[in-house]
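If you want the building blocks of each chain, they are given just below.
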Amino acid sequence: MLGEHLQKYLALYVKGRRTLAEDYELVILGSGPGGYVAAIRASQLGVKTAVIEKEDVGGVCLNWGCIPSKALLRNAEILSLFQRAGEFGISIDNLQYDFGKAIDRSRKVVKQLTSGISYLLKKNGVDLIRGVGTFKDSKTIEINGNGHTLSSQNVIVATGARFRTLPNLPIDGKVVITSREALELREVPPRVVIVGGGATGAEFAYLYRSYGADVTLVEMLPHLVPLEDEEISTHLEQAFSAQGIKSMTDTKVGGIEIGQGSSRV
């Protein structure tokens, strides 16, 4: 989110700025939660602003993180309730579910929200430029993809982060995948090992188990979701155990052998 210090800076800049020869007074690299919020606020304060984005607006959180995963978790929650219908005196025969349609629904939710952000940028007078921005000097940015350059007195770098790779777990996008590929996977694997018991790993463990997968969750620290209070971690471990999710804490992955469409970890 746009910090108070940045808002104060923008307000002071607008108050004391002079006429500039640059294309923009502010250019932002990246349209994630940091980038698009800063762009909208700057434009509201009267700053001529552009955002450079190589993919869809909204960043990883909106496109390939928090939002689609929460949409899928909602599907998993509803499916879990149907599976427990007998506890509530409700009988269901021949329960069927389609994980592919759950993926389609999550992408639809993402599309609605990214369209909303694009609308807000346009409504607030922010120019959205497609491509990869690279610095030619401190005030000149080249747009890879269209060959254009633009100049700006101020630049905010809000390009986010990349997936971390582990040397003993080479990602091939088929057997060993990241959460990015998992959010497009249209069939739940019958057995899955999830390396990392943080929030993302716990979400996919619950999701895949709800759809019938045999799930093993591996975490090198003493508890799942290790950044949370230990009481929360313990409660989650108990809940996962009751659901049939195997948790291996204080455990590291030493390596992997990949066969024909499967692996030995």
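In this text the structure is predicted, and so the values were computed from the model without any measurement.

Student: Quick question: what am I supposed to make of the sheet that holds strand β1 (residues 26-29) here?
Tutor: A sheet is described by the order of its strands in space; here 4 strands give the open sequence β3-β2-β1-β7, paired in parallel fashion. At either end of the open sheet lies a strand with only one pairing partner, and these are β3 (127-130) and β7 (155-157). Adjacent strand axes in the sheet meet at a mean angle of 20° when their direction is disregarded. Relative to β7, β1 runs parallel, the two being bridged by 3 bridges. Residue pairing across strands places Leu29 opposite Val157, the latter belonging to β7.

Student: Can you walk me through the packing of aromatic side chains in this structure?
Tutor: Aromatic ring pairs are reported here in terms of the distance separating the ring centres and the angle at which the planes meet. Following the criterion strictly, the structure yields 4 aromatic pairs and no others. Their ring planes at 75° and their centres at 4.9 Å tell us that Phe99 and Tyr211 sit as a pair that is edge-to-face. Here the residue Phe99 occupies a position in helix α5 (residues 99-123), and Tyr211 occupies one in the loop between α7 (199-210) and β9 (214-218), the gap between them amounting to 112 residues. A relative accessible area of 9% places Tyr211 in the buried class. The rings of Tyr97, Phe99, Phe204, Tyr208 and Tyr211 are connected pair by pair, giving a single aromatic cluster. Geometry around Tyr24 places Lys48 over its ring, the cationic atom sitting 5.3 Å from the centre.

Reading the values: rules and limits
Residues numbered from 1 in each chain as written. Predicted model: local features only at pLDDT ≥ 70, side-chain atom pairs only at ≥ 80, totals over all residues. Heavy atoms only, no water. Pairing = 2+ DSSP bridges. Helix = DSSP H or I, 4+ residues; strand = E, 2+ residues; numbered from the N terminus. Axes fitted to C-alpha atoms, helices over the stretch in contact; angles between N-to-C directions. Phe/Tyr/Trp six-rings, centres within 6.5 Å; stacked < 30°, edge-to-face > 60°. Buried < 20%, exposed > 50% of the residue type's maximum accessible area, 1.4 Å probe, protein only. Lys NZ or Arg CZ within 6 Å of the ring centre and 35° of its normal.

In short, the description is geometric, and any link to function would need to be established separately.
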